[in-house]
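Overview (structure and organization)
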Amino acid sequence: MTKGGLNAVTRALAIEYAQQGIRINAIGAGFIDTPLHKPETHDFLRSLTPAGRLGEVKEIVDAVLYLTDAQFTTGEILHVDGGSFAGK
């Protein structure tokens with residue numbers, strides 16, 4: 001429910017502020033290799049993604065930089081999740 005709410009807010013704010021030149025986008029991050037996930041959970045987490053691996057922090061950074069440069073993009077939720085959003 002929370003993710004759905006964030007997606008709806010992203011789109012609503014994008015529409016509300018587009019005329020002012022303010023772009024609102026979000027990153028839908030998957031399982032990223034950070035200290036948040038203990039090493040003993042990595043095999044299980046890898047099994048949940050079609051890509052079969054954890055994402056890297058740099059991949060999130062790359063997505064943020066892309067959205068920063070994409071001047072005609074607003075209201076977008078960019079999924080950086082190894083295909084999890086597409087389903088497995």
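Just above, that's the structure.
Residues numbered from 1 in each chain as written. Predicted model: local features only at pLDDT ≥ 70, side-chain atom pairs only at ≥ 80, totals over all residues. Heavy atoms only, no water.

As for the layout of surface pockets
What counts, and what does not: Think of a 1 Å grid over the protein atoms and nothing else: a 1.4 Å probe that fits but is trapped marks a cavity, an open set flanked by protein within 12 Å on at least five of seven lines marks a pocket, and residues with an atom within 4 Å of a point count as lining. Grid points are joined across faces, edges and corners, and a volume is the space filled by probe spheres set on the points. Secondary structure counts use DSSP, requiring at least four H or I residues in a row for a helix and at least two E residues in a row for a strand, with both numbered from the N terminus. Under the scheme applied here, ten amino acids are nonpolar (Ala, Val, Leu, Ile, Met, Phe, Trp, Tyr, Cys and Pro), four are charged (Asp, Glu, Lys and Arg), and all others, including Gly, are polar.
When its volume is computed, the largest pocket comes out at roughly 290 Å³. Along the wall of the largest pocket there are 15 residues; nearest its centre are Lys3, Ile27, Gly28, Ala29 and His79. Counting residues per element, the ones that place at least two in the lining of the largest pocket are α1 (2–17), β1 (26–29) and β2 (77–80). By residue class, the composition of the lining of the largest pocket is seven nonpolar, six polar and two charged.

Looking at the pattern of salt bridges
Using the following cut-off: Every case where a carboxyl oxygen of Asp or Glu lies within 4 Å of a side-chain nitrogen of Lys or Arg is listed as a salt bridge. Each residue's exposure class comes from its accessible area (1.4 Å probe, protein chains only) as a fraction of the maximum for that residue type: buried when under 20%, exposed when over 50%, partly exposed otherwise.
In total, this model carries three salt bridges according to the counting rule given. A salt bridge links Glu59 to Arg53; the shortest N-O distance between them is 2.6 Å. Judged by its relative accessible area of 40%, Arg53 is partly exposed. The closest approach of N and O atoms between Asp62 and Lys58, which form a salt bridge, is 3.0 Å. With Asp62 and Lys58 both in helix α3 (residues 57–69) and four residues apart, this pair spans about one turn of that helix. Residue classification places Asp62 among the partly exposed residues on the basis of a relative accessible area of 36%. Judged by its relative accessible area of 56%, Lys58 is exposed.

Function cannot be read off these values alone, since they describe shape.
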